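# Structure assessment
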Amino acid sequence: MAARKLMTTARTWLDTTLRTLCVGLFALLVGLVAWQVFTRLVLGAPSAWSEEAARFTFVWVSLIGIAIAVGEKADVVMDFLVEKLPLRLQRVADILAYLATLAFVLYVMVFGGLQQSMMAWGQTNPLLPLSQGQLYLALPISGALLTVYLLIHLAGTFTSRYVGHVGDPDEDLEAAAL
């Protein structure tokens, strides 16, 4: 029981931290794009560094946002077939899906992202005071976050609280209204 409370607290902290980080990065992105528009239209001299910074901020926001979506199980899932399976087969389908996604994330995002970052670590960015390798760290970091969430979901399929896939409550209400 204490372990479950600790996991819930850690999960809540991670969710809150990632949401706060994503909101902050998105605000930074809006500011960078507004600065670009201002320098281009008002000053007549486009700001190259803000364009590069906006591009990398967008990548970071997107990859952290994907981790948040996976954590909330709000990612794109086509489970209309899985919903029709018995609970036991739904569990098997979920386990296979989580393992396949985990394999991809670990190999491509974590392993490949770390390799890419290390290869580009010495490359200076001509417009920003960071190396390309530092900017590429978004991939392995988001891969690690995705791994945490996927492992949490995978562990959840083995608990007695697993309920499987249930239909969308909004669709059920619409069907009942017809």
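Residues numbered from 1 in each chain as written. Predicted model: local features only at pLDDT ≥ 70, side-chain atom pairs only at ≥ 80, totals over all residues. Heavy atoms only, no water.

## Here's the deal with the overall build of the protein
Along the protein, the regular secondary structure elements total six helices and zero strands. Listing the helices and strands of the protein from first to last along the sequence gives α-α-α-α-α-α. Compactness check: the protein gives a C-alpha radius of gyration of 21 Å against a globular reference of 16 Å for 178 residues, more than 25% above the reference. If one aligns the C-alpha atoms of the protein with their principal axes, the spans along those axes are about 60 × 45 × 35 Å. Looking at the 178 residues of the protein, the share that counts as buried comes to 32%. Counting only carbon and sulfur atoms, one obtains 72% of the accessible surface of the protein, whose full area is about 11700 Å². On the protein, the mean spot of the 11 positive side-chain charges and the mean spot of the 13 negative ones are 11 Å from each other. (Helix = DSSP H or I, 4+ residues; strand = E, 2+ residues; numbered from the N terminus. Rg over C-alpha atoms; globule rule 2.2 N^0.38 Å. Buried < 20%, exposed > 50% of the residue type's maximum accessible area, 1.4 Å probe, protein only. Areas by Shrake-Rupley, 256 points an atom, 1.4 Å probe, with all protein chains shown as cover. Lys, Arg positive; Asp, Glu negative; His and termini not counted. Charge placed at Lys NZ, Arg CZ, Asp CG, Glu CD.)

## What about unusual backbone geometry?
Of note in this structure, Lys73 is not a glycine but carries a positive phi near 55°. The topology assignment puts Lys73 in the loop between α2 (48-71) and α3 (87-120).

## Considerations on the nonpolar core
With 21 residues, the main nonpolar core has Leu18, Ile64, Leu146 and Leu150 as its most contacted residues. Elements supplying a minimum of two residues to this core: α1 (2-41), α2, α3 and α5 (138-157). Each residue touching Ile64, except ones within four places of it in the same chain, is listed here: Leu18, Leu21, Cys22 and Leu25. (Core = buried A, V, L, I, M, F, W, Y, C linked by side-chain atoms within 4.5 Å. Contact = heavy atoms within 4.5 Å.)

## What about α2?
In a regular helix each residue adds 1.5 Å, so 24 residues correspond to 34 Å; α2 covers 35 Å between its end C-alpha atoms and thus fits that length. Lys73 sits one or two residues past α2 and shows a positive phi near 55°. (Expected span 1.5 Å × (residues − 1).)

## What to know about the environment of Lys84
On the secondary structure map, Lys84 appears in the loop between α2 and α3. Between the C-alpha atom of Lys84 and that of His165, which follows or precedes it by 81 residues, the distance is 8.7 Å.

## Observations regarding the pattern of salt bridges
All chains considered together, the criterion is met by three salt bridges. For Asp15, the salt bridge is made with Arg11, and the minimal N-O distance between the two is 3.4 Å. Taken together, the residues span about one helical turn, with Asp15 and Arg11 both in helix α1 at a distance of four residues. Taking the shortest distance from any N to any O, the salt bridge between Glu72 and Arg19 comes out at 2.5 Å. Of this pair, Glu72 sits in the loop between α2 and α3 while Arg19 sits in helix α1; the two residues are 53 residues apart in sequence, bridging distant segments of the chain. A relative accessible area of 42% places Glu72 in the partly exposed class. (Salt bridge = Lys/Arg side-chain N within 4 Å of Asp/Glu carboxyl O.)

These values are about where atoms sit, not about what they do.
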